[in-house]
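Structure assessment
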2 protein chains.
Amino acid sequence: MTYRIAINGYGNLGRGAELAIAQADDLELVAIFTRRDPASIQTATGTPVVALEDLPKWADKIDVLANCGGSATDLATQTPEALAHCNTVDTFDTHAKIPRYFEAVNAAAETNGKLALISVGWDPGLFSMSRAYSEAVLPNGETTTFWGRGVSQGHSDAIRRIDGVADAKQYTVPVEEAMQAAREGKGANLTTRDKHLRECFVVLKPEADAEAVREAIVTMPDYFADYDTTVTFISAEEMAANHAGMPHGGFVIRSGRTSENVAQRIEYSLDLDSNPEFTGSMVAASARAVARMAAAGETGARTLFDVAPGLLLPQDPAELRAHML
Amino acid sequence: MTYRIAINGYGNLGRGAELAIAQADDLELVAIFTRRDPASIQTATGTPVVALEDLPKWADKIDVLANCGGSATDLATQTPEALAHCNTVDTFDTHAKIPRYFEAVNAAAETNGKLALISVGWDPGLFSMSRAYSEAVLPNGETTTFWGRGVSQGHSDAIRRIDGVADAKQYTVPVEEAMQAAREGKGANLTTRDKHLRECFVVLKPEADAEAVREAIVTMPDYFADYDTTVTFISAEEMAANHAGMPHGGFVIRSGRTSENVAQRIEYSLDLDSNPEFTGSMVAASARAVARMAAAGETGARTLFDVAPGLLLPQDPAELRAHML
């Protein structure tokens, strides 16, 4: 059985999904859709690039469309629109807006008799699954999530908008003492600030005032003012040599008790060289699950909480029981 | 909604399940079945203890029966027999025999229109889920599982059968260097011996020959001869004071690549004060999922690969999306 997958949006995430789909024997990448001029795009695998407006013509060639746009602007319109034509999977990751997004996507999916799996990736995604299994088995306890060490795109962008900044990269770094507290069941009252440091690497424009830039960063409300923030000025060459990647990762720690003096701990962690390639790989596995669930007649919106894990894997259930259980 | 759960078998695991069910608002423990004289058993929660032969009379009061017997002798007969009356969940953990057990349980479940979830716990169980998600997202890679530091019941029993041994406890201990190799993607060729040490704590009988006991342990085929094994002789008092618990745990490490030079790592670990309480807690959460899936009309045998993780939790899907995704 081969599932026919298409990608909508060819940024870092779309490229990550493309790589993952190309490596899966049971997934066929049939097209990459874009709002840009298709002729301007060179894909890694030579997959046809098609204007998004032509999606309706391709609908019967596609089992699942992976919407690889951003949560801030793209997905809230793209996913409901695409559901007129295809089943979908996406990585919607604005946690506070997930309930409203789910309702909108569910309505569009049900109207069209399609299936949509939302918010896959690692947080939301694999981290959510770790939280779910951990709380299921240890209901009496606390879960603490740490992010990093990894690049925060939003914070890097915020620094780049400061006068005198030519380029910037911000790393979110978990605090070791806070992780230790979480492991000991003392993580409940830790704030995001307690848990994370922010490391900023900045390339200045010629004649920029370094001290003014540093001050603008560390006092920036919401982004940095509430954190222990370090600012390191580096050359454009060092930025290119040492900070070109998009590493990320993090930890989900649950400490609980099954009876009065019996402590139990579960820890899940990711250490990723490339956040978009990893997330794209999760998109590919999730597209497989959507294809199978849609083929079984399911419609509406789903999250990974609704997906039996075996559906993410190419192996059949007997093989999973024999070799992975 | 309250699900009515019963336990079959009141050993360490049955007691662990009892504690977990008692703590869940949506689970009601209606009875504990035993092959022993019910009058001889004092339960932790005051739940009625009933002779197993009376199970048929209780069937319509029970949504799910948790079979808490052992894999070696009990479950292969108990689960198919119980399925004549109830849906079931169990912790069958003899990995090599799972495919055959699954087929037998599936046949009994289908014959009776019942649902059976097998092999829950942590390995098989949560470790299997970690392997599944990790291989789904990183198909190009290797998974290495380490067990411990924790008590191996089978190895402890083997030592106790040696002449001159009054009591014994064996801990399986993961080797730090091997774990580091697995994290670096060099775990594929590690043997179980490379990965684990065996620490034995032994109380001698009066006038036993310590050197002969040590020799009998470290040369024992299958159990110890192929491992680096340490033997420490201790007093009965020290055994009672420091080795009375049943701690366990372990690590599932997957190292993979999403493209040529892009390494990605997922690590899952458990650190458990009480193996049977943790496993019993997973039995309770799994019983909830069985009750829901059976109510939806499912029949036959299942493993956790077939169970959507949200079904394990008491919260409804909207609450999970809002607070756990």
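Residues numbered from 1 in each chain as written. Chains lettered and ligands numbered in written order. Predicted model: local features only at pLDDT ≥ 70, side-chain atom pairs only at ≥ 80, totals over all residues. Heavy atoms only, no water.

What about empty space enclosed by the protein?
With a probe scaled to a water molecule rolled over the atoms, the places where space remains empty come into view. Under the definition given, this model contains three cavities of 30 Å³ or more. The calculated volume of the largest cavity comes to roughly 100 Å³. Together, Leu 126, Met 129, Ser 130, Tyr 133 and Tyr 268 of chain A together with Leu 126, Met 129, Ser 130, Tyr 133 and Tyr 268 of chain B line the largest cavity. Of all the secondary-structure elements, those providing two or more residues to the lining of the largest cavity are α5 (126–137) of chain A together with α5 (126–137) of chain B. Here the lining of the largest cavity is composed, by residue class, of eight nonpolar, two polar and no charged. Volume-wise, the second largest cavity comes out at about 80 Å³. For the second largest cavity, the full set of lining residues is Val 137, Leu 138, Pro 139, Asn 140, Arg 257 and Thr 258 of chain A together with Gly 16, Leu 19, Ala 20, Gln 23, Glu 277 and Ser 281 of chain B. Contributions of two or more residues to the lining of the second largest cavity are made by β12 (248–259) of chain A together with α1 (12–22) and α11 (275–295) of chain B. Per-element tally for the lining of the second largest cavity: the top contributor is α1 of chain B, with three residues. Here the residues of the lining of the second largest cavity are counted per class, giving five nonpolar, five polar and two charged. (1 Å grid on protein atoms, 1.4 Å probe; cavity = no way out; pocket = protein on both sides within 12 Å on 5 of 7 lines; lining within 4 Å. Points joined across faces, edges and corners; volume = space filled by probe spheres on them. Helix = DSSP H or I, 4+ residues; strand = E, 2+ residues; numbered from the N terminus. Nonpolar A, V, L, I, M, F, W, Y, C, P; charged D, E, K, R; others polar.)

A word on the interface of chain A and chain B
Across the boundary between the two partners, chain A contributes 61 residues, which contact 61 residues of chain B. At the boundary of chain A with chain B, the tally comes to two salt bridges. Elements with a minimum of two residues in the side of chain A that touches chain B: α4 (98–112), α5, β12, β13 (262–272), α11 (275–295) and α12 (317–323) of chain A. Ranked by residue count, the leading element in the side of chain A that touches chain B is β13 of chain A, at 11 residues. In terms of residue class, the side of chain A that touches chain B is built from 33 nonpolar, 16 polar and 12 charged. (Contact = heavy atoms within 4.5 Å. Salt bridge = Lys/Arg side-chain N within 4 Å of Asp/Glu carboxyl O.)

Concerning the domain arrangement of chain A
The assigned domain composition of chain A is domain 1 (3–123 + 276–323) and domain 2 (150–246). Domain 1 of chain A and domain 2 of chain A are separated by 32 Å when their C-alpha centres are compared. (Domains from an automatic or database assignment.)

A closer look at α5 of chain A
Spanning 12 residues, α5 of chain A covers 17 Å between terminal C-alpha atoms, matching the ideal 16 Å at 1.5 Å per step. Counting buried positions along α5 of chain A gives 11 out of 12 residues, so the element sits mostly inside the fold. Structurally, α5 of chain A contributes buried residues whose contacts are with β7 (141–147), β12, β13 and α11 of chain A together with α5 and α11 of chain B. (Expected span 1.5 Å × (residues − 1). Buried < 20%, exposed > 50% of the residue type's maximum accessible area, 1.4 Å probe, protein only.)

Some details on the pairing of strand β10 (residues 196–204) of chain B
A regular strand places its side chains on the two faces of the sheet in alternate fashion. Residues and elements named next belong to chain B. Inspection of the sheet shows strand β9 (residues 165–174) paired to β10 by nine bridges, in the antiparallel sense. Along β10, the bridge assignment pairs Pro 174 with His 196. Bridge analysis of β10 against strand β11 (residues 228–233) gives six bridges, and the strand direction is parallel. Its bridge partner being in β11, Val 202 is matched across the sheet by Phe 233. In this view, the connection linking β10 to its parallel neighbour β11 by way of helix α9 (residues 210–218) has right-handed handedness. (Pairing = 2+ DSSP bridges. Right-handed = clockwise from strand over helix to strand, strands pointing away.)

A few points about the relation of the copies chain A and chain B
For the pair chain A and chain B, the relating rotation is 180°, the translation along its axis is 0.0 Å, and the fit reaches an RMSD of 0.0 Å. Within this description, the copies of the chain are treated as partners about a two-fold rotation axis. Both copies present the same face, since 100% of the interface residues in chain A are matched by interface residues at the equivalent positions in chain B. (Least-squares fit on C-alpha atoms with pLDDT ≥ 70 in both.)

Focus: the nonpolar core
If you look at the biggest cluster of nonpolar residues, it comprises 129 residues, and the most contacted ones within it are Val 89, Phe 278 and Leu 312 of chain A together with Val 89, Phe 278 and Leu 312 of chain B. The element best represented in this core is α11 of chain A, accounting for 11 residues. The contacts of Leu 312 of chain A, once residues within four sequence positions are left out, are Met 282, Ala 285, Ser 286, Arg 288, Ala 289, Arg 292, Leu 304 and Val 307 of chain A together with Tyr 133 and Ala 136 of chain B. (Core = buried A, V, L, I, M, F, W, Y, C linked by side-chain atoms within 4.5 Å.)

Digging into unusual backbone geometry
Of note, the bond from Asp 123 of chain B into Pro 124 of chain B is cis; its omega dihedral lies within 30 degrees of zero at 5°. Tracing the backbone through its elements, the reader meets Pro 124 of chain B in the loop between β6 (115–117) and α5. In the segment running from Gly 148 of chain B into Arg 149 of chain B, the intervening peptide bond is cis, with an omega of -5°. Locating Arg 149 of chain B in the fold gives a position in the loop between β7 (141–147) and β8 (150–151). Phi at Glu 207 of chain A takes a positive value of approximately 70°, unusual for a residue other than glycine.

Overview of the sheet that holds strand β13 (residues 262–272) of chain B
If you trace the six strands from one edge of the open sheet to the other, you get β7(A)-β12(A)-β13(A)-β13(B)-β12(B)-β7(B), paired in antiparallel fashion. Strand pairing shows two members of the sheet lacking a second neighbour, β7 of chain A together with β7 of chain B, which therefore form its edges. Strand-to-strand twist of the sheet, defined as the mean angle between neighbouring strand axes without regard to direction, takes the value 10°. Of the pairings in the sheet, the one linking β7 of chain B to strand β12 (residues 248–259) of chain B comprises seven bridges and is antiparallel in character. Across the sheet, Thr 143 of chain B pairs through a bridge with Arg 254 of chain B, a residue of β12 of chain B. Strand contacts of α11 of chain A: β12 and β13 of chain A together with β12 and β13 of chain B, with the helix running at about 70° to β13 of chain B, the strand carrying the most contacts. Of the strands in this sheet, β7, β12 and β13 of chain B touch α5 of chain B, which is tilted by about 5° from β12 of chain B. (Axes fitted to C-alpha atoms, helices over the stretch in contact; angles between N-to-C directions.)

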